[in-house]
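# Observations on chain architecture
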Amino acid sequence: MTDGTFVSPYPVEDPQSLAELERAQGDLARAVGRLVDATVRTRQERPVLDEVTARVDTLVERLLEQAQEGPLGIETSSDGRLRDHANPMLGMRNPIAPPLVMTDDEGGVTCTFSLGAAYEGPPGCVHGGFVAAVLDQVLGTAAARRGVPGLTAYLNTTYRRPTLLGTDLVCRGRIDRVDGWKIFASGEIVDPQGEVTAEAEALFIVPRWAREHLGTPTGDAGDFAPPAGETGVSPTP
Ligand SMILES: CCCCCCCCCCCCCCCC(=O)SCCNC(=O)CCNC(=O)[C@H](O)C(C)(C)COP(=O)(O)OP(=O)(O)OC[C@H]1O[C@@H](n2cnc3c(N)ncnc32)[C@H](O)[C@@H]1OP(=O)(O)O
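Let me sum up the structure you'll find in this document. All of these numbers come straight from a predicted model, not from anything done at the bench.

If you tally the helices and strands in the chain, you get 4 helices and 9 strands. Along the chain, helices (α) and strands (β) appear in the sequence β-α-α-β-β-β-β-α-β-β-β-β-α when read from the amino end. Long-range pairs, those at least 24 residues apart, make up 62% of the contacts in the chain between residues at least 6 apart in sequence. Carbon and sulfur atoms provide 52% of the accessible area of the chain, an area that totals close to 13500 Å².

Here Arg-34 lies in helix α1 (residues 15-41). Among the residues examined, Arg-34 registers a relative accessible area of 59% and is labelled exposed. The spatial distance from the C-alpha of Arg-34 to the C-alpha of Pro-95 is 8.2 Å, given a sequence separation of 61 residues.

The environment of the ligand is formed by 18 residues, the closest being Thr-152, Lys-182, Ile-205, Pro-207 and Arg-208. Residue Lys-182 places a side-chain N or O atom 3.0 Å away from an oxygen atom belonging to the ligand. Here an oxygen atom of the ligand sits 3.3 Å away from a polar atom, N or O, in the side chain of Arg-211. In the complex, 60% of the free accessible area of the ligand, which totals 1400 Å², lies under the protein chains. Elements represented by at least two residues in the shell around the ligand include exactly α3 (128-145), β6 (151-159), β9 (196-205) and α4 (208-214). No other element matches the 4 residues that β6 contributes to the shell around the ligand. A class-by-class count of the residues in the shell around the ligand yields 9 nonpolar, 5 polar and 4 charged.

As a further point, take the layout of surface pockets. Reported here for the largest pocket is a volume of approximately 950 Å³. Within the residue set of the lining of the largest pocket, elements represented by two or more residues are α1 and α2 (48-64). The element contributing the most residues to the lining of the largest pocket is α1, with 8 residues. Class assignment for the residues of the lining of the largest pocket results in 17 nonpolar, 5 polar and 2 charged.

What follows is about α3. A rise of 1.5 Å per residue sets the reference length of α3, with its 18 residues, at 26 Å; its end C-alpha atoms lie 26 Å apart and thus fit the reference within 8%. Those residues of α3 that fall on the buried side of the exposure criterion are Val-131, Ala-132, Val-134, Leu-135, Gln-137, Val-138, Leu-139, Gly-140, Thr-141, Ala-142, Ala-143 and Ala-144. Two residues or fewer after α3 comes Gly-147, characterised by a positive phi angle close to 90 degrees.

With that settled, the discussion passes to the sheet that holds β9. Strand pairing in a sheet takes place through backbone hydrogen bonds and is either antiparallel or parallel in direction. The strand order across the open sheet formed by 6 strands is β4-β5-β7-β8-β9-β6, and the pairing between neighbours is antiparallel. Edge positions in the sheet fall to β4 (101-105) and β6, since each of these pairs with one other strand and no more. With direction set aside, neighbouring strand axes in the sheet form an average angle of 20 degrees. Where β6 and β9 come together, 8 bridges link them in antiparallel fashion. In the sheet register, Tyr-159 faces β9, and the bridge partner there is Ala-198.

Definitions and limits used
Residues numbered from 1 in each chain as written. Predicted model: local features only at pLDDT ≥ 70, side-chain atom pairs only at ≥ 80, totals over all residues. Heavy atoms only, no water. Helix = DSSP H or I, 4+ residues; strand = E, 2+ residues; numbered from the N terminus. Contact = heavy atoms within 4.5 Å. Areas by Shrake-Rupley, 256 points an atom, 1.4 Å probe, with all protein chains shown as cover. Buried < 20%, exposed > 50% of the residue type's maximum accessible area, 1.4 Å probe, protein only. Near = heavy atom within 4 Å. Polar contact = N/O pair within 3.5 Å; in protein donor to acceptor, adjacent residues only side chain to side chain. Nonpolar A, V, L, I, M, F, W, Y, C, P; charged D, E, K, R; others polar. 1 Å grid on protein atoms, 1.4 Å probe; cavity = no way out; pocket = protein on both sides within 12 Å on 5 of 7 lines; lining within 4 Å. Points joined across faces, edges and corners; volume = space filled by probe spheres on them. Expected span 1.5 Å × (residues − 1). Pairing = 2+ DSSP bridges. Axes fitted to C-alpha atoms, helices over the stretch in contact; angles between N-to-C directions.

Here is the structure:
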C-alpha cells in the first residue's frame, strides 16, 4: 500500500492511545532492525552467540503470547489514514523496512534512503532484488498519489552500475502516462556522485476488485473494502 496516502473510511476511537501504541511498535521495529544489522555484522563467538540466541528466543515467545495469526493487511492509523505497517519497504512495524520516506514533488515522488549490511548482494553492494523493490515501491507510490493505486503488472529494471551499501541514495519516481485504471511510471536510483545506478519502467493497474470501490481515480480510499477471499488486503476497522 502507500503508507498514509489514503484517508480511512473507519473512525479511530481513541487516537491518542493508538498513537502511543504506534510509537511503541515503531520503537520495537527499530530495535529489532538494529538486531538484524548486528546479527549480520557480529564477530562474536560461542558462548556469546548461544547466550544471545537463547535470549532472543525468550523475547520471541513473549511477543507471540499476544499475536495475530496472519498478516497485518491495512489498518487505520491514529492520524485517520490507511497504512500498511508490515510493508517491507516503508512499514512502521517492519524491522527490515529501510524505511523509505517519500516526499511529493512535481510529477511524482522522491525518496532518500541508505541500505546497510542486511541488504548485501554482491560484496559491498545492494542485492538486486532490493534495488528493484525500492523502485517498485517508489513508482507505485507515485501512481497511488495520483489517485490510481495499482498493483504492479510489470517492473522492467535496468541495472546500470552497482548500488553501494551505506551510501546516501535518492530514488525518484514519476508518472509518464495514465490510461484509465492503468498508470505508466518510470524512475531511477541516483548515487551521491549523481550517477544513475538503476532505472525502471513500470505499469500499475488498479485490479478489477478495487475499481468499483474507488469509483473513479480520486486519491482517496472512499468506502474501499475489498471482498473477502479476493485479496490479501484486509482493512481493519
Ligand atoms: C484503495 C484501493 C487499494 C488498491 C490496492 C492498493 C495497492 C497500492 C499499491 C501502492 C504501491 C505498491 C508498491 C508495491 C506494489 C506491489 O508489490 S504489487 C504486488 C505484485 N503485483 C501483483 O501481485 C499483481 C498480480 N496481478 C494482478 O493482480 C492482475 O494481473 C492485475 C495486474 C491487477 C491486472 O488484472 P485485472 O485487474 O484483472 O486487469 P485486466 O482487466 O485483466 O486488465 C486491465 C488492462 O491492463 C492490461 N494488462 C493486464 N496485465 C498486464 C501486464 N502484465 N502488462 C501489460 N498490460 C497488462 C490488460 O490488457 C487490460 O488492458 P485494456 O484491455 O484495458 O487496454
